[in-house]
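# Understanding the architecture of this molecule
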Amino acid sequence: MKEISCKLLVIGAGPGGYVCAIRAGQLGVDTVIVEAGKPGGTCLNVGCIPSKALIHAAEEFDKVSHMEGGKSPLGISLTAPTLDLAKTIAWKDGIVSRLNSGVAGLLKKAGVKTVHGWASFRDGKTVAVETETGVQVIRAETIVIATGSAPVELPFLPFGGPVISSTAALALGAVPEKIAVVGGGYIGLELGMAFAKMGAKVTVVEALPRVLAQYDAELTRPVVKRLAALGVEVMLGAKAKGLSTKGDALLVETSDGKSVKVPADKILVTVGRKPVTEGWGLEQIDLDRAGKFIRIDDQCRTSMRGIFAIGDVTGEPMLAHRAMAQGEMVAEIVAGHKRNWDKRSIPAVCFTDPELVTAGLSPEEAKALGGEIKIGMFPFAANGRAMTKLGEDGFVRVVARADNHLVLGIQAVGQGVSELSAAFGLALEMGARLEDIAGTIHAHPTQGEGFQEAALKALGHALHI
Amino acid sequence: MGEHIIKLPDVGEGVAEAELVEWHVKIGDMVREDTVLAAVMTDKATVEIPSPVDGEILWLGAEIGDTVAIGSPIVRLKVAGEGNVVADTKSLEATAASTPTPSPSPQGGGGRATASKGGAKPTSSSSANPKGIEGGEAAATESPSPLWGGARGGGTAPTSQVAAPSGAPRPEGEKPLASPAVRLRAKEAGIDLRQVAGSGPAGRIGHEDIEAFLARGPQVARGSGLARNDAIQDIKVVGLRRKIAEKMSLSKSRIPHITYVEEIDVTALEELRAALNKEKRPGVERPKLTLLPFLMRAMVKAIADQPNLNSLFDDEAGIIHQHGGIHIGIAAQTPSGLVVPVVKHAEARDIWECGAEVVRLAEAAKSGTATRDELSGSTITITSLGAMGGVATTPVINHPEVAIIGVNKMMVRPVWDGTQFIPRKMMNLSSSFDHRVIDGWDAAVFIQRIKTLLETPALIFVD
């Protein structure tokens with residue numbers, strides 16, 4: 001096949017890669033993107049988007065289930081609803097496929113050439129792509145590695161049979177009766193809660209003393225409460241040991257050292273994600289590593305000239321929006337603009353019930369800086385809109401410097417608070433002080449008012465609490 | 001709520017009373033601790049009285065112009081808590097001891113006269129003279145008054161608009177704070193935001209800061225460790241410094257100076273001085289002679305020929321007060337500022353007495369124990385910067401005197417003796433005269449007379 005030469009080659013069309021390619025195309029850079037699967041990467045195909053579709057369906061089902069027999073305080077009554085998960089999955093697949101073609105269209109519109117196949121480095125300027133029609137060699141001045149990440153597999157619980165990864169969990173044909181979730185991180189809890197709402201008996205096995213360990217206990221308390229209400233059994237300090245011989249249960253060593261069998265039709269392993277650093281010829285170019293990730297500088301440059309890396313392959317936090325921002329930045333650097341990574345915050349959202357949002361520093365992280373801090377917390381129990389949504393659990397919390405009131409971090413837990421991440425991120429990027437947030441009119445009645453009130457609280461004069 | 005009584009503190013120098021010259025507050029004002037309440041003036045110094053507590057002014061104990069005894073109540077404040085008034089005003093004396101009366105700083109205690117290289121003169125004005133010399137920069141005068149904009153007691157109030165010098169716009173390790181749009185603009189313009197001071201809240205860098213940074217032009221020194229410093233610190237001119245400024249303006253704006261520089265061969269004088277210092281007489285304690293007593297005696301001799309040089313010129317009245325007594329002010333730098341101690345009646349002191357008096361006064365001035373009398377009443381002034389004296393100076397006359405003699409640095413210079421260059425100890429005298437009353441000719445005659453006396457020092461001792 002005839003060699004292709006281009007200015008920029010992007011390996012991987014996940015959120016980092018495709019954004020990088022689109023932006024480069026917009027800037028007139030001759031760009032080629034290589035993707036073995038469908039465009040959109042983990043996020044669009046087997047991550048953010050499909051999981052949110054499933055979570056939404058589960059939530060709707062749970063809501064209407066509670067209206068059965070006139071039990072709802074809303075006064076709505078209906079007969080027992082049913083869920084056809086196959087149909088749900090088909091609906092979710094429809095969304096994914098619409099977005100797949102959307103991304104493909106955007107790449108095309110930006111003048112980016114897409115090559116379908118598996119890319120491997122030959123050297124720092126040359127990549128060979130195994131396509132359906134043969135090997136395509138691509139020479140590029142600049143190459144961006146955006147190979148992403150994959151679920152971590154446990155050696156004693158290899159994926160297959162009843163043991164599934166998050167990817168397979170999003171493609172089940174029916175709701176399993178009993179699911180054991182190994183790993184009480186955000187992915188495990190998001191999916192575990194969704195399956196619980198759809199009627200599964202869910203057991204979460206977490207090795208650490210608490211779930212969602214990357215968040216502080218105050219923030220996760222409403223989620224823990226909700227897990228109990230949904231009947232999810234949470235085994236803390238417990239270790240998954242393997243599959244029972246019959247394959248119908250998970251062997252678990254509990255915190256007090258006992259061995260128990262957790263009956264399960266499906267065992268969902270969500271113990272984290274690892275960068276995809278194998279299978280594409282990294283050994284040919286021998287880039288410096290930072291742990292298991294590829295080491296990058298503040299312009300996403302790797303140790304080899306002309307090679308950038310973005311997204312999950314470069315480290316934590318492994319979030320789509322971080323990859324997108326990196327991709328955009330790299331495209332602009334390749335187009336000759338002066339850019340470097342100068343973001344103040346990468347907000348993180350956890351779509352459990354209730355949802356969690358964090359942006360910037362937690363109270364502990366802020367305290368660790370050594371300065372005096374102020375914390376303002378406003379509970380949704382005092383927020384009118386939250387009451388009208390039956391969502392009084394949770395709060396907004398603002399962390400600021402005590403000396404100049406510069407906001408360092410914002411967290412929230414509550415129904416639908418993921419949408420507040422926009423306001424939180426903006427406040428941090430703009431360098432807002434408590435007074436800036438307190439002095440901004442927040443529309444009433446919204447949950448966003450909780451943000452303003454939390455800032456007021458930190459200033460010592462909250463109005464509604 | 002209690003009442004707190006502020007009494008006129010001891011402003012030093014064994015002064016028993018002081019004239020109230022200024023109220024900075026009025027009844028009903030809220031004051032903070034360290035807010036300047038009033039200024040009082042002794043015959044030597046103006047001292048600002050700060051409030052020792054927060055409170056509301058209830059009563060002011062004197063009118064401007066009143067003479068107030070030290071220890072008299074001057075202000076009553078309503079304060080939170082008990083205050084220092086236990087029962088009624090009769091118990092004042094009892095509680096006085098515990099009253100945290102503000103005391104002027106050690107400098108304030110000295111209340112030293114202002115002086116300078118040019119020899120601002122310690123006036124002999126009475127306590128009623130509002131131009132009396134202000135006291136040292138008492139710590140009490142340093143407190144910025146948050147409740148009164150531009151309060152006179154502001155002291156040095158750094159009100160720089162720029163947060164900090166551009167060399168270090170923020171504490172080490174702290175990231176520059178700017179919105180994404182500002183960051184992008186800085187990046188495109190090649191500006192390192194760490195170099196940019198932010199004028200916004202919490203030191204936030206705005207577009208205007210970027211513009212200001214750009215307007216300063218290319219950073220020539222960037223990367224070399226050198227950085228521009230565009231900070232402007234506003235320092236309020238108060239106390240001694242203000243007094244010096246006033247005196248200097250007065251002298252330079254009123255007096256048309258003529259400055260005359262002549263070089264003196266002090267080789268013989270130095271030999272004589274060394275010999276005199278070497279000579280020891282059993283039982284007689286003598287100070288080590290410096291050059292000053294010789295110059296003072298030479299001046300006495302020269303003034304005997306030209307008494308009009310030893311005058312105070314009252315230009316408003318059109319009268320020259322020609323003094324018989326020759327009171328020589330010696331401008332000297334002390335740790336607390338410039339002072340001009342005065343050697344009184346130099347005409348009646350021999351070289352040893354002059355020397356001893358200079359030593360005594362210098363020490364008194366340095367330790368802050370010089371009395372008002374010792375710091376005022378000069379009729380002519382000597383200014384010397386010693387080893388820093390340089391080649392020539394243009395001394396500023398100590399108004400209302402008519403002459404000032406400036407001593408420059410002595411150094412060995414080659415002098416042509418007619419056949420060869422020989423090393424001689426040479427020293428310049430840079431002297432200024434009030435040209436309104438002293439003609440250039442007279443000035444030259446005066447300095448030439450001193451030159452003759454110093455170059456042939458035996459003449460100083462011959463009547």
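Residues numbered from 1 in each chain as written. Chains lettered and ligands numbered in written order. Predicted model: local features only at pLDDT ≥ 70, side-chain atom pairs only at ≥ 80, totals over all residues.

Quick look at the overall build of chain B now. When helices and strands are tallied, chain B shows nine helices and 19 strands. The burial tally for chain B puts 41% of its 463 residues in the buried class. Sequence separation of 24 or more characterises 69% of the internal contacts of chain B that already satisfy a separation of 6 or more. (Helix = DSSP H or I, 4+ residues; strand = E, 2+ residues; numbered from the N terminus. Buried ≥ 20, exposed ≤ 12 C-beta atoms within 10 Å, placed from the backbone. Contact = placed C-beta atoms within 7 Å.)

So, on to the overall build of chain A. Along its length, chain A carries 14 helices and 24 strands. Relative to all contacts within chain A whose residues are 6 or more apart in sequence, the contacts with residues 24 or more apart total 66%.

Before going further, it helps to spend a moment on the sheet that holds strand β13 (residues 249-253) of chain A. All names here are of chain A. Spatially, β12-β13-β14 is the arrangement adopted by the three strands of the open sheet, whose pairing is antiparallel. Because the sheet does not close on itself, it has two edges, and the strands there are β12 (239-243) and β14 (259-263). Between one strand axis and the next, the sheet turns through 30° on average, direction left out of account. Taken together, the four bridges between β12 and β13 define a ladder with antiparallel strand orientation. Among the inter-strand pairings, alanine 240 is bridged to a residue of β13, identified as valine 252. (Pairing = 2+ DSSP bridges. Axes fitted to C-alpha atoms, helices over the stretch in contact; angles between N-to-C directions.)

Time to look at the environment of Gly416(A). Residue and element names in this part refer to chain A. Structurally, the position occupied by glycine 416 is in the loop between β24 (407-414) and α12 (421-429). In this structure glycine 416 comes out as partly exposed when scored by C-beta crowding, with 15 C-beta atoms within 10 Å. Spatially, the C-alpha atom of glycine 416 lies 8.6 Å from that of glutamine 447, the residues being 31 residues apart in sequence. Non-local contacts of glycine 416, meaning those with residues more than four positions away in its chain, are made with Glu355, Gly391 and Gln447.

All names here are of chain B. Predicted confidence across chain B gives a mean pLDDT of 77, with 77% of residues reaching 70 or more. The model gives residues 87-167 a pLDDT under 50, and that stretch makes 244 contacts with residues more than four places away or in other chains. Within the model, the stretch residues 218-223 combines pLDDT values under 50 with four contacts to residues more than four positions away or in other chains. At the level of chain-chain contacts, confidence expressed as ipTM amounts to 0.73, with global pTM at 0.59. (pLDDT = per-residue confidence, 0-100.)

This part is about the interface of chain A and chain B. The partner chain B presents 11 residues to the 11 residues of chain A that form the contact. Here the side of chain A that touches chain B is composed, by residue class, of two nonpolar, four polar and five charged. (Nonpolar A, V, L, I, M, F, W, Y, C, P; charged D, E, K, R; others polar.)

With that settled, the discussion passes to unusual backbone geometry. Residue and element names in this part refer to chain A. Note that the residue after glutamate 316, namely proline 317, is joined by a cis bond; omega there is -10°. With respect to the helices and strands, proline 317 occurs in the loop between β19 (307-309) and α9 (320-334). The backbone of aspartate 286 sits at a positive phi, close to 50°, despite the residue not being glycine. By the element assignment, aspartate 286 lies in the loop between α8 (282-285) and β17 (289-290).

Each full turn of the α-helix corresponds to 3.6 residues, which orients residues three or four apart in the same direction. All names here are of chain A. Here helix α4 (residues 85-109) is 25 residues long and its end C-alpha atoms lie 36 Å apart, about the 36 Å a rise of 1.5 Å per residue gives. The complete set of buried residues in α4 reads Leu85, Thr88, Lys92, Val103 and Leu107. Contact partners of the buried residues in α4: α1 (15-26), β2 (31-35), α2 (41-46), α3 (48-65) and β3 (113-116). A positive phi of about 80° marks glycine 111, the residue just after α4. (Expected span 1.5 Å × (residues − 1).)

Residues and elements named next belong to chain A. Within strand β10 (residues 201-205), four of the five residues are buried, which leaves it mostly tucked inside the rest of the structure. Examined bridge by bridge, strand β9 (residues 178-182) and β10 share five bridges and lie parallel to one another. Residue pairing in the sheet places alanine 180 in a bridge with threonine 203 of β10. Crossover connection from β9 via helix α6 (residues 186-197) to parallel β10: handedness right-handed. The pairing of β10 with strand β11 (residues 233-235) spans three bridges and is classified as parallel. The residue bridging valine 205 from the neighbouring strand is methionine 235, located in β11. Once you follow β10 into helix α7 (residues 217-229) and on to β11, the crossover reads as right-handed. (Right-handed = clockwise from strand over helix to strand, strands pointing away.)

So, on to the sheet that holds strand β8 (residues 163-164) of chain A. Residue and element names in this part refer to chain A. As summarised here, the arrangement of the five strands in space is β8-β15-β9-β10-β11, forming an open sheet in which the pairing is parallel. Of all the strands in the sheet, the pair left with one neighbour each is β8 and β11. The sheet strands contacting α6 are β9, β10 and β15 (266-269), and the helix crosses β10 at an angle near 160°.

Attention now goes to the environment of Thr452(B). All names here are of chain B. Note on placement: threonine 452 falls in helix α9 (residues 440-455). Judged by the 14 C-beta atoms lying within 10 Å of it, threonine 452 is partly exposed. With 150 residues separating them in the primary sequence, threonine 452 and alanine 302 have C-alpha atoms 9.9 Å apart.

Further remarks concern the nonpolar core. Nonpolar side chains in soluble globular proteins generally cluster together in the buried interior. By size, the foremost hydrophobic cluster in this structure holds 149 residues, and its most contacted members are Leu9(A), Ile11(A), Val144(A), Val205(A), Ile267(A) and Val407(A). For this core, the element with the highest residue contribution is α6(A), accounting for eight residues. The residues touching Leu9(A), leaving out its near neighbours within four places in the chain, are Val32(A), Val34(A), Val127(A), Ile138(A), Ala140(A) and Ile143(A). Within the second largest apolar cluster, 52 residues are counted, among which are Ile255(B), Phe294(B), Ile380(B) and Leu454(B). (Core = buried A, V, L, I, M, F, W, Y, C linked by C-beta atoms within 7 Å.)

Moving on, we get to the packing of α3(A) against α6(A). In helix packing, the relevant descriptors are the interaxial angle and the interaxial distance, both defined with respect to the helix axes. All names here are of chain A. For the pair α3 and α6, the least separation of the axes is 8 Å and the interaxial angle reads 35°. Both α3 and α6 take part in a crossing whose hand is left-handed. Contact residues: Ser51, Leu54, Ile55, Ala58, Glu59, Phe61 and Asp62 in α3; Glu190, Leu191, Ala194 and Lys197 in α6. Of the residues assigned to the contact of α3 with α6, the class counts are six nonpolar, one polar and four charged. (Left-handed = near helix turned anticlockwise from the far one by under 90°.)

Attention now goes to the pairing of strand β4 (residues 118-123) of chain A. Here β4(A) pairs with strand β5 (residues 126-131) of chain A via five bridges, running antiparallel. Pairing of Ser120(A) across the sheet is with Ala128(A), part of β5(A).

Residue and element names in this part refer to chain A. Close contact between α1 and α9 brings their axes to 7 Å; oriented N to C, the two are set at 30°. Considered as vectors, α1 and α9 are oriented roughly parallel to each other. Where α1 crosses over α9, the handedness of that crossing is right-handed. Every residue of α9 that contacts α1 at Pro15, Gly16, Gly17, Val19, Cys20, Arg23 and Ala24 is listed here: Ala320, Ala323, Met324, Gln326, Gly327, Glu328, Val330, Ala331, Glu332 and Val334. Looking at the contact of α1 with α9, its residues break down into 10 nonpolar, four polar and three charged. (Parallel < 35°, antiparallel > 145°, perpendicular 65-115°, else oblique.)

All names here are of chain A. Under the 1.5 Å per step criterion, the end-to-end length of α7 is 18 Å for 13 residues, consistent within 8% with the ideal 18 Å. Turning to α7, its buried residues number three or more, namely Leu219, Thr220, Pro222, Val223 and Leu227. Those residues of α7 that are buried are in contact with α6, β11, β21 (355-360), β23 (394-401) and β24. Of the residues flanking the end of α7, it is glycine 231, one or two places downstream, whose phi is positive at about 80°.

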